[in-house]
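Structural overview
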Amino acid sequence: MMIINNKIKEYRKKHQLTQRELAEKVGVTERTIISLEKGRYKPSIVLAYKLVQFFETDIETLFCLNEYVKNEQAQGRNAYNSFCDSISHTALRINL
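What comes next concerns the included structure. Just so we're clear, the structure is a prediction, and the values are computed from it rather than from any experiment.

A separate point is the overall build of the protein chain. Looking only at helices and strands, the protein chain features seven helices and zero strands. Going from the N terminus to the C terminus, the protein chain shows its helices and strands as α-α-α-α-α-α-α. Counting only residues that meet the buried cut, the protein chain has 41% of its 96 residues in that class. Relative to all contacts within the protein chain whose residues are 6 or more apart in sequence, the contacts with residues 24 or more apart total 62%. Accessible surface, the protein chain as shown: approximately 6,400 Å² in total, 47% of it carbon and sulfur.

Here it is in structure tokens:
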């Protein structure tokens, strides 16, 4: 399983939120936030979007994508395809 590093915990703490509070604000369970912060869960595109909107940042920063692309290129892989393949396509019950 490929892990995509992220700064969710860092941003959550900057906003002085608990995992539960962040979960409520983006419409997921506390367990989902915990798993995201530990790199055990890959968010759907919808959840990633909700998080970047809430934190007023961009997806590249929140999910360390510049770092990810460098690592993929160093290993001779197409970073875009690898990233798209890695994102969970499981539908979440999130309302935009």
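One way to put it is that helix α2 (residues 19–26) packs onto helix α3 (residues 30–37) with a least axis distance of 8 Å and a crossing angle of 110°. The angle between α2 and α3 places the two elements in the roughly perpendicular class. For the pair α2 and α3, the contacting residues are Q19, R20, L22, A23 and V26 in the first and E30, I33, I34 and E37 in the second. The residue inventory of the contact of α2 with α3, partitioned by class, reads five nonpolar, one polar and three charged.

Summarising the element assignment, T32 is placed in helix α3. Given a relative accessible area of 16%, T32 falls into the buried group. A polar contact of 3.0 Å, which involves the side chain of T32, links it to the side chain of T29. Setting aside its immediate chain neighbours within four residues, T32 contacts Y41 and L47.

Let's shift gears to the packing of α2 against helix α4 (residues 45–55). At a closest axis distance of 10 Å, the pairing of α2 and α4 adopts a crossing angle of 110°. Taken as axis vectors, α2 and α4 run roughly perpendicular relative to one another. Counted together, L22, K25 and V26 of α2 and L47, K50, L51, F54 and F55 of α4 form the full contact between these two elements.

Okay, the nonpolar core next. Core analysis: the biggest nonpolar cluster contains 17 residues, and I8, L22, V26, I33, L51, L62 and F63 have the highest contact counts within it. If you list the elements that add at least two residues to this core, you get α1 (8–14), α2, α3 and α4. At five residues, the largest contribution of residues to this core is made by α4.

Further remarks concern the packing of aromatic side chains. Counted under the stated rule, the structure contains two aromatic pairs. A ring pair is formed by Y11 and F55, whose centres lie 5.5 Å apart and whose planes are at 50°; its orientation type is tilted. Of the two residues, Y11 is situated in helix α1 and F55 in helix α4; the sequence distance between them amounts to 44 residues. For the pair shown, Y11 and F55 are each scored as buried. Between F54 and F55, the aromatic rings sit 5.1 Å apart at their centres with planes inclined by 70°, giving edge-to-face as the arrangement.

Rules behind the numbers
- All residue numbers refer to positions counted from 1 along the written sequence of the respective chain.
- For this predicted model, a pLDDT threshold of at least 70 governs which residues receive local features, and a threshold of 80 or more governs which side-chain atom pairs are given and counted, while totals over whole chains, interfaces and linings are taken from all residues.
- The basis for the side-chain values is all heavy atoms of the structure; hydrogens and waters are excluded.
- Put simply, DSSP H or I for four residues or longer makes a helix, DSSP E for two residues or longer makes a strand, and each gets a number counted from the N terminus.
- Any residue under 20% of the maximum accessible area for its type is buried, any over 50% is exposed, and the rest in between are partly exposed; the area is computed with a 1.4 Å probe on protein chains only.
- Residue contacts follow a heavy-atom distance rule, with two residues in contact if any of their heavy atoms lie within 4.5 Å.
- Calculation of accessible area relied on Shrake-Rupley with a 1.4 Å probe; when residues are assessed, cover is drawn exclusively from the protein chains displayed.
- A fitted line through C-alpha atoms represents every axis, and for helices the fit uses only the stretch in contact; the resulting angles, taken between N-to-C directions, go from 0 to 180 degrees.
- Oblique is the label for any angle not covered by the other classes, which are roughly parallel (under 35 degrees), roughly antiparallel (over 145) and roughly perpendicular (65 to 115).
- In this classification, the charged set is Asp, Glu, Lys and Arg, the nonpolar set is Ala, Val, Leu, Ile, Met, Phe, Trp, Tyr, Cys and Pro, and all remaining amino acids, among them Gly, are polar.
- As used in this structure description, the phrase polar contact means that two N or O atoms lie within 3.5 Å; if the pair is within protein, one of them must be able to donate a hydrogen and the other to accept it, and residues adjacent in sequence are counted only when both atoms belong to side chains.
- As used here, the term nonpolar core means buried Ala, Val, Leu, Ile, Met, Phe, Trp, Tyr and Cys residues forming a set that is joined through side-chain atoms within 4.5 Å.
- Stacked, edge-to-face and tilted are the three classes for Phe, Tyr and Trp ring pairs, Trp counted by its six-membered ring, which pair at centre distances within 6.5 Å; planes under 30 degrees apart are stacked, over 60 edge-to-face, the rest tilted.

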